[in-house]
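Chain by chain, the residues run as shown.
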Amino acid sequence: MVIRLCPLKGFEAFSALFRRVIKFSAGRLSAFFVFRPLARNESAHVILPPTLVVQYGVTTKRRTRPAVLRNRIKRLLRESVRNTFRQFPLRLQSNSEGIREARTIEMIPVMGIIVWQDIPEHPQRLHFNDVQADMAVLYEKILRHCKSDQYPAERMTAEQERISRKNKSQVR
């Protein structure tokens, strides 16, 4: 399986993403991803597509000033996404661990946005390794979501969220 990363462009694409998004966060990063269930054959084995196209976008808060810093963060995020998501097909290869993992994969990421939430105190000290550490944690959360059905496939509605919060407060 080959993974192809494509930039997410256009207002319509971003709007479609936020209609059915699942949020992940790790350190200074937040990610909003949409997943698609994998097809299965008649013997319930997962059919992996030959090429997986993942559309992604990176952004920072507008209050991150100056623009040079904002652009640096976006460059680091893009490189980190490319570096991290290159691992995704390796997890699904034919080694003994990979076969077991491929059988547990239920969903694949289709598109997502990664947002830098923090304003660095010392912008010149912000390096790729700092971003990559948070991205690795985020990637593990996304991969965990792909392997199980512990997260809902669609975002909760406002009514479901309200009921969920109410139930959590009653437990405490």
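Refer to the structure printed above.
Quick caveat: nothing in here was measured; it's all calculated off a predicted structure. (Residues numbered from 1 in each chain as written. Predicted model: local features only at pLDDT ≥ 70, side-chain atom pairs only at ≥ 80, totals over all residues. Heavy atoms only, no water.)

Glancing now at the pairing of strand β3 (residues 29-37). For β3, the tally of buried residues reaches seven of nine residues, placing the bulk of the element in the interior. Here strand β2 (residues 22-26) runs beside β3; their pairing, made up of five bridges, is antiparallel. Across the sheet, S25 pairs through a bridge with S30, a residue of β3. Hairpin remark: β2 followed by β3, antiparallel, with two residues in the connecting loop; positive phi at G27, about 60°. In this structure, β3 lies alongside strand β7 (residues 107-116), joined through nine bridges in antiparallel fashion. Following the sheet pairing, A31 is matched in β7 by I114. (Buried < 20%, exposed > 50% of the residue type's maximum accessible area, 1.4 Å probe, protein only. Helix = DSSP H or I, 4+ residues; strand = E, 2+ residues; numbered from the N terminus. Pairing = 2+ DSSP bridges.)

Attention now goes to the packing of aromatic side chains. Tallied over the full model, the rule gives five aromatic pairs. Judged by centre distance (6.3 Å) and plane angle (40°), the rings of F33 and F35 are tilted. Consider the rings of F33 and F85, whose centres lie 6.0 Å apart with planes at 20°: the pair is stacked. You can see F33 sitting in strand β3 and its partner F85 sitting in helix α2 (residues 67-85), a full 52 residues away along the chain. One aromatic cluster is present, formed by F24, F33, F35, F85 and Y139 through successive ring pairs. (Phe/Tyr/Trp six-rings, centres within 6.5 Å; stacked < 30°, edge-to-face > 60°.)

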